[in-house]
Amino acid sequence: MSYYTDLKTGHDIASFVRRQVKSAEEIATTVDGSPIQVVKLGGGRKPAILLKAGNHSSEIAGIHALLTFLAEGLQSPFETHIIPCGSPFDFGGYRFALEWASETKVHIEDDEQCLAELTRLGRKVYEGEHFILFEVRNTLFTWVDRKKLDSRRLFYGQLDTLTLRDPELRAILSGKRIFFPNELYYPEDYGSYDQAGLVGWTSPDGYVSNLNRLYDRYDVPPELWSIRDYCERLKPAMVIDLHESCINTRIPEKLKRSGEQLGNHFLILPPVHAPSYEAIETPVAEAMVAATGNAGFDCFTLSQLEAAWGYPDTDYFHGYLRKDVRDGMPFYRWAIRFADVSITTETSMDMPIEKRVMIHITLVNAAIEAFSRFL
Ligand SMILES: [Zn+2]
């Protein structure tokens, strides 16, 4: 198991992948020229499996887990297609994106420097309460007064509300990528601007979201249509999408004080059931939860999940939930049109990166092993 500290950008990932395997397919190129790659591993047995990570580039453990399979091998009887990093441009992070957009060297270590650099290099296009939007080369960069506003809150919902209300702001943002300073949960040695950006995109009708919420839209960036096209051709019977979560911040203090140890990970299964969910998908999920438990990684309990997500109706189980009523169409929900098994893995990002990578590796291995018993 490895965490590849020298991979700082999507280009670094692409070179790493090319060094590991000769036959990486490049299904699209994103804005800075970094490719979205697919690598085929495993045996020749059909149906195919798809493993994917990095649509949310700040959730880096899944990317490193899939790169570890490329470097060290993967035990799978099935034809296994791997997309190690779905958003390679965003993986470079805020400062990298601003350097790309402005074509100059950028110095940002803190929020004050960020404002100075954006003022120097960008055009101010909008000023909101505790944040300012700057545009550089068709890309938006958000400055946030983080003493007063959590930039994750702005990203998850607040900007969307403003955009839907304000046609002028909608016109500014439409069709553009937006970078936000990341609040938390990098590996220990990274700052908010260093790597793996918190990134959104705005549809023409003013829907601001992260790239994993737009699989049902057709005016989307290459990160989405290329993966969608590939899957429509391949029709994998099992997809595992590797993500990470800040779920621990949503667990109420009362529950934390109860003495029950917080989990290390959980799974999300589609709330709209895949065709064979009872026969295949649920047993695969349970096998994943059991395997990580045996390896010493606890999953979130039913009561912790329920408390963290807080949906009115419950569809929670030990280690996973079948309920996610947030907006948009994430990959795992879109994929059930062809997949019998569609599962999102979520490790808790407050743990050391090596542990998060190991959990993803254990989950993927368990999923393949369990799937082979059904097909
Ligand atoms: Zn995610």
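Residues numbered from 1 in each chain as written. Predicted model: local features only at pLDDT ≥ 70, side-chain atom pairs only at ≥ 80, totals over all residues.

**Brief notes about the packing of helix H2 (residues 61-72) against helix H13 (residues 353-374)**
When two helices pack together, their arrangement is given by the angle between the helix axes and the distance between those axes. Put simply, the rule is: Only the stretch in contact is used when fitting a helix axis, every axis being a line fitted to C-alpha atoms; angles between N-to-C directions are given from 0 to 180 degrees. Strands are runs of DSSP state E lasting at least 2 residues, helices are runs of H or I lasting at least 4, and numbering of each runs from the N terminus. Here roughly perpendicular refers to angles of 65 to 115 degrees, roughly parallel to angles under 35, roughly antiparallel to angles over 145, and oblique to all remaining angles. We call a crossing left-handed when the near helix sits turned anticlockwise from the far one by less than a right angle, and right-handed when that turn is clockwise. Two residues qualify as being in contact provided that their C-beta atoms, derived from the backbone, are within 7 Å of each other. Residue polarity is assigned by list, with Asp, Glu, Lys and Arg as charged and Ala, Val, Leu, Ile, Met, Phe, Trp, Tyr, Cys and Pro as nonpolar; anything else, Gly included, falls into the polar class.
Across the interface, H2 lies against H13 with an axial gap of 8 Å and an inter-helix angle of 60 degrees. Of the possible angle classes, the one that applies to H2 and H13 is oblique. In this structure, H2 crosses over H13, and the sense of that crossing is right-handed. Contacts between H2 and H13 pair Ala61, Gly62, His64, Ala65 and Thr68 from the former with Ile353, Arg356, Val357, His360, Ile361 and Val364 from the latter. Along the lines of polarity and charge, the residues of the contact of H2 with H13 split into six nonpolar, four polar and one charged.

**Concerning the sheet that holds strand S9 (residues 198-202)**
Hydrogen bonds along the backbone pair up the strands of a sheet, which may run parallel or antiparallel. For clarity, the cut-off: The pairing criterion is simple: DSSP has to find at least two bridges between the two strands.
Ordered in space as S5-S6-S7-S8-S9-S10, the six strands form an open sheet in which the pairing is mixed. A single partner strand is all that each edge strand has here, and the edge strands are strand S5 (123-128) and strand S10 (208-210). Strand-to-strand twist across the sheet, computed as the mean angle between neighbouring axes with direction ignored, equals 30 degrees. In this sheet, S9 lies alongside strand S8 (residues 177-180) in antiparallel orientation, the contact comprising four bridges. Across the sheet, the residue bridging to phenylalanine 180 is leucine 198, located in S9. Against the sheet, helix H5 (residues 111-121) makes contact with strand S6 (131-136) and strand S7 (139-144), and its axis sits at roughly 145 degrees relative to S7, the strand it touches most.

**What about unusual backbone geometry?**
Residues lysine 46 and proline 47 are joined by a peptide bond in cis, for which omega reads 5 degrees. Within the secondary structure layout, proline 47 lies in strand S3 (residues 45-53). At arginine 137, a residue that is not glycine, the phi angle is positive and equals roughly 45 degrees. Note that arginine 137 resides in the loop between S6 and S7.

**A few points about the sheet that holds strand S4 (residues 78-83)**
Pairing is mixed in the open sheet, where nine strands are placed in the order S1-S2-S4-S3-S11-S15-S12-S14-S13. Where the open sheet ends on each side, the last strands, each with one partner, are strand S1 (25-29) and strand S13 (316-317). Of the pairings in the sheet, the one linking strand S12 (residues 265-268) to strand S15 (residues 341-348) comprises four bridges and is antiparallel in character. Counterpart to isoleucine 268 in the pairing with S15 is threonine 344.

**Topic: the nonpolar core**
Applicable threshold: Remark: nonpolar core denotes a set of buried Ala, Val, Leu, Ile, Met, Phe, Trp, Tyr and Cys residues whose joining runs through C-beta atoms within 7 Å. Here a residue counts as buried when 20 or more other C-beta atoms fall within 10 Å of its C-beta, as exposed when 12 or fewer do, and as partly exposed in between; the C-beta atoms come from the backbone. Where each domain starts and ends follows an automatic or database-derived domain assignment.
Leu66, Met238, Val284, Val341, Ile343 and Ala367 are the most contacted members of the largest nonpolar core, which has 110 residues in total. Of the residues forming this core, the biggest block, twelve residues, is contributed by H13. When residues of this core are sorted by domain, at least three fall in each of domain 1 (10-88 + 217-374) and domain 2 (93-194). With sequence-adjacent residues up to four places away left out, valine 284 is seen in contact with Val341, Ile343, Ala367, Ala370 and Phe371.

**Structural notes on the domain arrangement of the protein chain**
When the domains of the protein chain are assigned, the result is domain 1 (10-88 + 217-374) and domain 2 (93-194). On a C-alpha basis, the centres of domain 1 and domain 2 stand 27 Å from each other.

**Observations concerning the pairing of strand S2 (residues 35-41)**
Successive residues of a regular strand alternate their side chains across the two faces of the sheet. The buried fraction of S2 amounts to six of the seven residues, a majority that puts the element mostly inside the structure. As paired strands, S1 and S2 are joined by four bridges and run antiparallel to one another. Directly across from threonine 29, in S2, lies its bridge partner proline 35. Counting the residues between successive antiparallel strands, the hairpin from S1 to S2 contains five residues, one of them, glycine 33, with a positive phi of roughly 90 degrees. Pairing of S2 with S4, which is carried by three bridges, proceeds in the antiparallel orientation. The partner of valine 39 across the bridge, within S4, is isoleucine 82.

**Section: the environment of valine 21**
Structurally, the position occupied by valine 21 is in the loop between helix H1 (10-20) and S1. Through-space distance from the C-alpha of valine 21 to that of isoleucine 280 is 31 Å; in sequence the pair is 259 residues apart.

**Topic: the environment of methionine 329**
Considering the arrangement of structural elements, one finds methionine 329 in the loop between strand S14 (320-321) and helix H12 (331-334). Methionine 329 sits 116 residues away from arginine 213 along the chain, and the two C-alpha atoms are 4.7 Å apart. With residues near it in sequence (within four places) discarded, methionine 329 still touches Arg213, Leu214, Tyr215, Asp216 and Trp334.

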